[in-house]
Amino acid sequence: NAGVTQTPKFQVLKTGQSMTLQCAQDMNHNSMYWYRQDPGMGLRLIYYSASEGTTDKGEVPNGYNVSRLNKREFSLRLESAAPSQTSVYFCASSDPDGTGAGSPLHFGNGTRLTVT
Amino acid sequence: AQSVTQPDIHITVSEGASLELRCNYSYGATPYLFWYVQSPGQGLQLLLKYFSGDTLVQGIKGFEAEFKRSQSSFNLRKPSVHWSDAAEYFCAVGAPSGNTPLVFGKGTRLSVIA
């Protein structure tokens, strides 16, 4: 009963390095999301995938790319990390019931990323 | 586009006291409304949700929330707070149609004192 699994849990990068954050869900959900959480800013949507094969930009997509590898997996890539990308990143999934109505999000435990 | 305002950044209550966390939303029609809780170092956990029907909804851990259309509010309440309720609480709003992702408020941090 894993739910949403994110790896790694912690990461430190130097400015300019690249990395990929991995996310997998085992609930057969259609939709997956990447949020970042910063103090005083709440959660801000980076990218989402409403269904396998589609991705869309959220509120703060600059500096990120995503891949919906299959129905289970949704990865977030930082091509050239910047200190402004220091944050806690959360992956989430949900399963709109075909009407597109917002169903609750199920969250992973987050990846804490520091860029120096 | 929908938006959410949580007016209180930080609230401190005594253990055993009642709690009300405020949430105001902006949306043209009746939205889907959610409250989530985040314990330190954890992801967000759903407390309760409102889609339609009874405007007073019950959630987990003894929480409830009331939807008031006239005030565009969805405040979270608990009659008696426990020390383990110390966490950050997020209100979120979703559109009732389409695949529009949820929009979150900035959160309210709850501290509980003895």
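Now for a look at the structure at hand.

### What about the overall build of chain A?
Per the secondary structure count, chain A includes 0 helices and 11 strands. Against the compact-globule benchmark of 13 Å for 116 residues, chain A has a radius of gyration of 14 Å, which places it among compact chains. Dimensions along the principal axes, computed over C-alpha positions, put chain A at roughly 45 × 30 × 25 Å. Among the 116 residues that make up chain A, the fraction classed as buried is 51%. Taking contacts inside chain A between residues at least 6 apart in sequence as the whole, the part at least 24 apart equals 56%. Element-wise, carbon and sulfur atoms account for 47% of the exposed surface of chain A, whose accessible area totals about 5,300 Å². For chain A, the separation between the mean place of its 10 positive charges and that of its 9 negative charges on side chains is 9 Å.

### Considerations on the nonpolar core
Residues and elements named next belong to chain B. Leu19, Trp35, Leu47, Leu48, Phe74, Leu76 and Tyr89 are the most contacted members of the largest nonpolar core, which has 26 residues in total. Secondary-structure elements contributing two or more residues to this core are β2 (10–14), β3 (19–21), β5 (32–38), β6 (44–50), β8 (64–68), β9 (73–78), β10 (87–94) and β12 (108–113). A per-element tally of this core places β10 first, with 4 residues. In contact with phenylalanine 74, other than residues within four places in its own chain, are Cys23, Leu33, Phe34, Trp35, Leu48, Tyr50, Val57, Ala65, Glu66 and Phe67.

### Observations concerning the interface of chain B and chain A
Size of an interface, as often reported, equals the accessible area lost when the parts are brought together. Counting residues at the interface gives 22 residues for chain B, matched by 23 residues for chain A. Interface of chain B and chain A: buried area, both sides summed, is about 1,700 Å²; carbon and sulfur atoms make up 58% of it. The tally of links between chain B and chain A comes to 4 residue pairs in polar contact (both at pLDDT 80 or more). Counting only elements with at least two residues in the side of chain B that touches chain A, the list comes to β5 and β6 of chain B.

### Things to note about the sheet that holds strand β7 (residues 64–68) of chain A
Residue and element names in this part refer to chain A. Sheet architecture is open: 4 strands sit in the order β1-β3-β8-β7, paired in antiparallel fashion. Only two strands of the sheet have a single neighbouring strand rather than two, namely β1 (4–7) and β7. Within the sheet, the average angular offset between the axes of one strand and its neighbour, ignoring direction, is 15 degrees.

### Observations regarding the side chain of His29(A)
Residue and element names in this part refer to chain A. One can find histidine 29 in the loop between β3 (19–25) and β4 (31–38). By relative accessible area, which is 8% here, histidine 29 ends up buried. The contact partners of histidine 29, leaving out residues within four places of it in the chain, are Arg68, Lys71, Ser93, Ser94, Asp95 and His106.

### Focus on the pattern of salt bridges
A complete count under the given rule lists 7 salt bridges over all chains for this structure. Note that Arg77(B) is salt-bridged to Glu66(B), the shortest N-O span being 3.1 Å. In this pair, Arg77(B) is assigned in strand β9 and Glu66(B) in strand β8, connecting sequence segments 11 residues apart. Its relative accessible area of 22% is what places Arg77(B) among the partly exposed residues. In this structure Glu66(B) comes out as partly exposed when scored by relative accessible area, which is 23%. Taken together, the shared-partner salt bridges connect Arg36(A), Asp38(A) and Arg44(A) into one network.

### Description of unusual backbone geometry
Cis rather than trans, the peptide bond between Thr7(A) and Pro8(A) has omega equal to -5 degrees. Checked against the element boundaries, Pro8(A) lands in the loop between β1 and β2 (10–13). Of note, Lys61(B) is a non-glycine position whose phi angle comes to about 60 degrees, a positive value. Mapping Lys61(B) onto the fold places it in the loop between β7 (56–58) and β8. Accessibility expressed as a relative area gives 45% for Lys61(B), which makes it partly exposed. Non-glycine residue Ser72(B) carries a positive phi angle of around 50 degrees. Of note, Ser72(B) is situated in the loop between β8 and β9.

Reading the values: rules and limits
- Residues numbered from 1 in each chain as written.
- Chains lettered and ligands numbered in written order.
- Predicted model: local features only at pLDDT ≥ 70, side-chain atom pairs only at ≥ 80, totals over all residues.
- Heavy atoms only, no water.
- Helix = DSSP H or I, 4+ residues; strand = E, 2+ residues; numbered from the N terminus.
- Rg over C-alpha atoms; globule rule 2.2 N^0.38 Å.
- Buried < 20%, exposed > 50% of the residue type's maximum accessible area, 1.4 Å probe, protein only.
- Contact = heavy atoms within 4.5 Å.
- Areas by Shrake-Rupley, 256 points an atom, 1.4 Å probe, with all protein chains shown as cover.
- Lys, Arg positive; Asp, Glu negative; His and termini not counted.
- Charge placed at Lys NZ, Arg CZ, Asp CG, Glu CD.
- Core = buried A, V, L, I, M, F, W, Y, C linked by side-chain atoms within 4.5 Å.
- Buried area = accessible area lost by both parts, 1.4 Å probe.
- Polar contact = N/O pair within 3.5 Å; in protein donor to acceptor, adjacent residues only side chain to side chain.
- Pairing = 2+ DSSP bridges.
- Axes fitted to C-alpha atoms, helices over the stretch in contact; angles between N-to-C directions.
- Salt bridge = Lys/Arg side-chain N within 4 Å of Asp/Glu carboxyl O.

Purely spatial values, then, with no claim about function.
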